[in-house]
Amino acid sequence: MKSLSALALGAILAVSSPVKAQDAANGEKLFARCITCHSIGEGAADKAGPQLNNVVGAKIGSHSPGFPYSDALKAEGQAGGLWTEAKLTAWIKSPRSTIPGNKMVFPGLSGDQADSDAADLLAFLKRFSR
């Protein structure tokens, strides 16, 4: 009986915990901040920044062949760095501190919504990754 009570308590706590699911639709809206430098989807091409198809899980500094990545990004990739969900989340929130010396001009997301917005933007990027 104790184990059933523990399971019930766990279920109640899980339901009552405020966990926000990733919202790819909101991520798409947030991507509007990125389209000056990046593109994604069918026909995406490099701009000031690389196109972002298949970026999730890719080796850093290499997912868009021919793009002139910064030395910092190339070095990160040569050291085995991958664009994991955790790495991309950190990058979205603060590119300069995640990989110092990169050329990205976007300062990152900040404020109360930064974690949620980064998760949503990542959900959007995942739609275009294998």
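Criteria and thresholds
- Residues numbered from 1 in each chain as written.
- Predicted model: local features only at pLDDT ≥ 70, side-chain atom pairs only at ≥ 80, totals over all residues.
- Heavy atoms only, no water.
- Helix = DSSP H or I, 4+ residues; strand = E, 2+ residues; numbered from the N terminus.
- Buried < 20%, exposed > 50% of the residue type's maximum accessible area, 1.4 Å probe, protein only.
- Contact = heavy atoms within 4.5 Å.
- Areas by Shrake-Rupley, 256 points an atom, 1.4 Å probe, with all protein chains shown as cover.
- Arc of directions from axis to C-beta.
- Salt bridge = Lys/Arg side-chain N within 4 Å of Asp/Glu carboxyl O.
- pLDDT = per-residue confidence, 0-100.
- Axes fitted to C-alpha atoms, helices over the stretch in contact; angles between N-to-C directions.
- Parallel < 35°, antiparallel > 145°, perpendicular 65-115°, else oblique.
- Left-handed = near helix turned anticlockwise from the far one by under 90°.

Brief notes about the overall build of the protein
Check the secondary structure of the protein and you find 6 helices and 0 strands. Counting from the amino terminus, helix and strand elements in the protein follow one another as α-α-α-α-α-α. Within the protein, buried positions represent 38% of all 130 residues. Partitioning the intrachain contacts of the protein with sequence separation of at least 6 by distance along the chain shows that 46% fall at a separation of at least 24. About 7,900 Å² of surface is accessible on the protein, with carbon and sulfur atoms providing 59% of the total.

Comments concerning helix 4 (residues 85–93)
The set of residues buried in helix 4 consists of Leu88, Trp91 and Ile92. Buried residues of helix 4 fall within an arc of 100 degrees about the axis and therefore sit on the same side. Looking at the buried positions of helix 4, the neighbouring elements they touch are helix 3 (71–78), helix 5 (95–98) and helix 6 (114–126).

A word on the pattern of salt bridges
Overall, the coordinates contain 5 salt bridges when judged by the stated rule. When the shortest N-O distance is used, the salt bridge between glutamate 28 and arginine 127 registers 4.0 Å. Highlighted residues: glutamate 28 in helix 2 (residues 24–30) and arginine 127 in the segment after helix 6, separated in sequence by 99 residues. Taking the shortest distance from any N to any O, the salt bridge between lysine 74 and aspartate 71 comes out at 3.7 Å. Of this pair, lysine 74 and aspartate 71 both sit in helix 3, separated by 3 residues, roughly a single helical turn. Among the residues examined, aspartate 71 registers a relative accessible area of 60% and is labelled exposed.

Comments concerning unusual backbone geometry
Apart from glycine, the bulk of residues carry a negative phi angle, and the bulk of peptide bonds sit in the trans form. We note that asparagine 54 has phi near 60 degrees; this positive angle belongs to a residue other than glycine. You can see asparagine 54 is positioned in the loop between helix 2 and helix 3. Assessed through its relative accessible area of 25%, asparagine 54 is described here as partly exposed.

Side note on the confidence of the model for the protein
The predicted coordinates should not be examined in detail at positions where pLDDT is low. For the protein, per-residue confidence averages 88 on the pLDDT scale, and 84% of positions sit at 70 or higher. The secondary structure element of the protein with the lowest average pLDDT is helix 1 (residues 2–16), at 43, and the one with the highest is helix 3, at 98. Ignoring residues within four places in sequence, the model shows residues 1–19, a span with pLDDT below 50, making 0 contacts including any to other chains.

Some words on the environment of isoleucine 99
One can find isoleucine 99 in the loop between helix 5 and helix 6. When the C-alpha atoms of isoleucine 99 and glutamate 76 are compared, they prove to be 7.8 Å apart, with 23 residues separating the residues in sequence. Residue contacts for isoleucine 99: discarding those within four places in its chain leaves Ile60, Ala72, Leu73, Glu76, Trp83, Lys87 and Trp91.

Topic: the packing of helix 4 against helix 6
Packing of helix 4 against helix 6 leaves a shortest axis separation of 9 Å and a crossing angle of 125 degrees. Taken together, the axes of helix 4 and helix 6 are oblique relative to one another. Crossing angle aside, the handedness with which helix 4 passes helix 6 is right-handed. Where helix 4 abuts helix 6, its residues Glu85, Leu88, Thr89, Ile92 and Lys93 lie against Ala114, Asp115, Ala118, Leu121, Leu122, Leu125 and Lys126.

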